[in-house]
Amino acid sequence: MSVLEMWTNLGTAIGSLMFAYAMFQQYFPDQLHGYARTYLQKLIGFTSPYIHITFHEYTGERLKRSEVYTAIQSYLSANSSMRAKRLKADVVKDNQFVVLTMDDHEEITDDFNGIKIWWSSRKNTPKTQSFSFYPDKDERRYFTLTVHRRHRETIMTSYIDHVIKEGKAISVKNRQRKLYTNNPSDNWHGWKATKWSHVVFEHPASFDTLAMATKMKEQIKNDLIKFTKGKDYYAKIGKAWKRGYLLFGPPGTGKSTMVAAMANFLNYDVYDLELTKVKDNSELRKLLIETTSKSIIVIEDIDCSLDLTGQRKPKKEKDEDDEKGENNDPISKKKKELEEEKGKSSKVTLSGLLNFIDGIWSACSGEKIIVFTTNYVEKLDPALIRRGRMDRHIEMSYCCFEAFKVLANNYLDIDSHELFVKIEKLLGEVKMTPADVAENLMPKSVGEDEETCLKNLVAALEEAKEEEARKKAEEEEKLKAEQEEKEKACKEQC
Ligand SMILES: Nc1ncnc2c1ncn2[C@@H]1O[C@H](COP(=O)(O)OP(=O)(O)OP(=O)(O)O)[C@@H](O)[C@H]1O
Ligand SMILES: [Mg+2]
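Bear in mind the structure is a predicted one, so any value in this text is a computation, not a measurement.

Quick notes on the site of ligand 1
- Residues in close proximity to ligand 1 total 15 residues, the closest being A211, G252, K255, S256 and T257.
- At 2.7 Å from a nitrogen atom of ligand 1 is found a main-chain nitrogen or oxygen belonging to A211.
- In isolation ligand 1 offers 620 Å² of accessible surface; the protein chains occlude 72% of this area.
- Mapped by element, the contributors of at least two residues to the shell around ligand 1 are α7 (255–266), α14 (401–412) and α16 (434–441).
- With three residues, α7 is the single largest residue contributor to the shell around ligand 1.
- Considering only residue class, the shell around ligand 1 consists of seven nonpolar, seven polar and one charged.

Let's talk about the UniProt feature "transmembrane region" (unreviewed entry) in the protein
- Residues annotated in UniProt with the feature "transmembrane region" (unreviewed entry) correspond here to residues 6–24.
- Regarding residues 6–24, the helix share stands at 100% and the strand share at 0%, and the terminal C-alpha atoms are separated by 27 Å.

A few points about the domain arrangement of the protein
- As far as domains go, the protein holds domain 1 (52–125 + 137–174), domain 2 (180–308 + 345–395) and domain 3 (414–480).
- Computed from C-alpha coordinates alone, the two centres of domain 2 and domain 3 are separated by 34 Å.

Looking at α16
- Taken together, the buried positions of α16 are P434, V437, A438, N440 and L441. The buried residues of α16 occupy one face: seen down the axis, they fall within an arc of 165 degrees.
- Buried residues along α16 sit against α14 and α17 (450–493).

Concerning the sheet that holds strand β1 (residues 50–56)
- Spatial strand order, β1-β8-β7-β6: four strands in an open sheet with antiparallel pairing. Here the strands that pair on one side only, and so sit at the sheet edges, are β1 and β6 (107–112). Neighbour-to-neighbour, the strand axes of the sheet open up by a mean angle of 25 degrees, direction not taken into account.
- Bridge analysis of β6 against strand β7 (residues 115–124) gives six bridges, and the strand direction is antiparallel. Among the inter-strand pairings, D110 is bridged to a residue of β7, identified as I117.

Description of the pattern of salt bridges
- Enumeration over the complete set of coordinates arrives at 12 salt bridges.
- The salt bridge partner of R470 is E467, with a shortest N-O separation of 2.8 Å. In this pair, R470 and E467 are both assigned in helix α17, three residues apart and thus about one turn of the helix distant.
- In this structure R470 comes out as partly exposed when scored by relative accessible area, which is 42%.
- A relative accessible area of 35% places E467 in the partly exposed class.
- Between R470 and E474 there is a salt bridge, with the nearest N and O atoms lying 2.9 Å from each other. Here R470 pairs with E474, and both are found in helix α17, just four residues apart, close to one helical turn.
- The network of salt bridges with shared partners includes D223, R243 and R392.

Some points on the packing of helix α15 (residues 420–429) against α17
- Running from N to C, α15 and α17 cross one another at 25 degrees; their axes reach a closest spacing of 10 Å. Judged by the inter-axis angle, α15 sits roughly parallel to α17. Judged by the twist between their axes, the crossing of α15 over α17 is left-handed. Judged by residue contacts, F420, K422, I423, L426, L427 and E429 of α15 engage L454, L457, V458, L461, E462, K465 and E468 from α17.
- Of the residues that constitute the contact of α15 with α17, the class distribution is eight nonpolar, no polar and five charged.

Structural notes on a negative patch on the surface
- Taken together, the side chains of D413, D415, D449 and E450 make up a negatively charged region of the molecular surface.
- Its location among the elements puts D415 in the loop between α14 and α15.

Overview of α14
- In a regular helix each residue adds 1.5 Å, so 12 residues correspond to 16 Å; α14 covers 15 Å between its end C-alpha atoms and thus fits that length.
- Within α14, the full set of buried residues consists of F401, A403, F404, V406, L407, A408 and L412.
- Looking at the buried side of α14, the elements it contacts are α5 (214–228), α15, α16 and α17.
- D413 sits one or two residues past α14 and shows a positive phi near 60 degrees.

The rules we used
- Residues numbered from 1 in each chain as written.
- Chains lettered and ligands numbered in written order.
- Predicted model: local features only at pLDDT ≥ 70, side-chain atom pairs only at ≥ 80, totals over all residues.
- Heavy atoms only, no water.
- Near = heavy atom within 4 Å.
- Polar contact = N/O pair within 3.5 Å; in protein donor to acceptor, adjacent residues only side chain to side chain.
- Areas by Shrake-Rupley, 256 points an atom, 1.4 Å probe, with all protein chains shown as cover.
- Helix = DSSP H or I, 4+ residues; strand = E, 2+ residues; numbered from the N terminus.
- Nonpolar A, V, L, I, M, F, W, Y, C, P; charged D, E, K, R; others polar.
- UniProt positions renumbered as here; feature names shortened; annotations may be inferred.
- Domains from an automatic or database assignment.
- Buried < 20%, exposed > 50% of the residue type's maximum accessible area, 1.4 Å probe, protein only.
- Arc of directions from axis to C-beta.
- Contact = heavy atoms within 4.5 Å.
- Pairing = 2+ DSSP bridges.
- Axes fitted to C-alpha atoms, helices over the stretch in contact; angles between N-to-C directions.
- Salt bridge = Lys/Arg side-chain N within 4 Å of Asp/Glu carboxyl O.
- Parallel < 35°, antiparallel > 145°, perpendicular 65-115°, else oblique.
- Left-handed = near helix turned anticlockwise from the far one by under 90°.
- Patch = residues over 30% accessible without salt bridge, like charges linked within 9 Å, V, L, I, M, F, W, Y side chains within 5 Å.
- Lys, Arg positive; Asp, Glu negative; His and termini not counted.
- Charge placed at Lys NZ, Arg CZ, Asp CG, Glu CD.
- Expected span 1.5 Å × (residues − 1).

Spelled out as structure tokens, the structure:
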């Protein structure tokens, strides 16, 4: 048989097969399609020595994206870029680099302890054309793993675990970190509803640029490292894998900067929880469930967020108002109703917040740090900040010389200068926040050199010193006057 004849015969055979398949699709009753497919697969199963495992992208009632699928995707992206012919490109991590993943209907092979494994990426598009706001959600993607059946044991016991573990590690390395804020619950329903909105987290703060005593900085860093490595330890002692930090101190001492530095140090996402937008305790719980692992949940200025000790007016007071007839005229009645309605917009109670921090629900989605910041630690309920809830209390204080040196290095690139001695002395005498020191150190024009900036700081410190001395003198004068008044009154009485 000539080559030409062979190709002609092959073409005819393929043509006949396609015709037969088209006829089958057209005239074979729909109800029998399923049976035919099942028996065909059984037939293949008898004859084929391979097993197939599928991993679907969406699972569960709420069509939640499967974590296993995502892990496999990351694992395969690391392996596929060199082998697959068709790749999809995705930009990640600060828009800095491109990650290539295998495209739909592409196949690659993997090798595990000498076992050959085939991975293919597939996509099902439903035949029924329905209108949907989420066109891509109608497509169901899945990965199929194919391997010789004699390796079933190894694949089940070690290979899949290995893929998921590696995949998760790769996802963490590549992930774009996010800064979330909670949406008011009126926006939780409907199209594209989410409880949290996010932007890319791009705060540049780090522990290197944070101005504070070196010893304390190291302690905090060690504490954080210990926490991230403590999964087994927390399981052993029967505690949820979370840690609470209370940052307190005057405004401008770096509390918010510290949260950003922590997030950058640990490579965590940040959830900035605005308590006043949360209607009640049940909403607070729902928000907590929606947070992901490896994240910092921060509630800024916790003392101002809510009146956690008593939201509503005591009943007695309310009754007194009614008795006085203040609520009888329709306008004030309506006003009152509106006020009450407004009051309802934040019914989070102290106990709700306590449960949020260390109730049963707090253990869901693991590895979490909760941070409260406040200017007035003494205003907070002791139950809220007791150890176990807020495990570490960190005081962010006025600028010390060590902190100043960090700022001088950050802002002016200098480690020493003759003015440092004077500044050290002044910082020992005057209370100035790192924010104020930083502002003075920052060059205000292109021509301003480090000497001018340091002189600006010295002048500001001296001014603050004079101001402090003046205030002190005034207070002493006042005290003295009061004392004299008292003595005079006493003498008159005697
Ligand atoms: N310890 C610090 N190290 C480095 N920079 C600091 C520090 N403290 C303050 N700053 C600078 O001052 C600015 C204000 O600091 P930050 O917002 O962190 O203060 P805060 O303690 O959160 O204040 P507030 O109580 O008003 O929220 C920051 O932009 C930062 O540049
Ligand atoms: Mg702040």
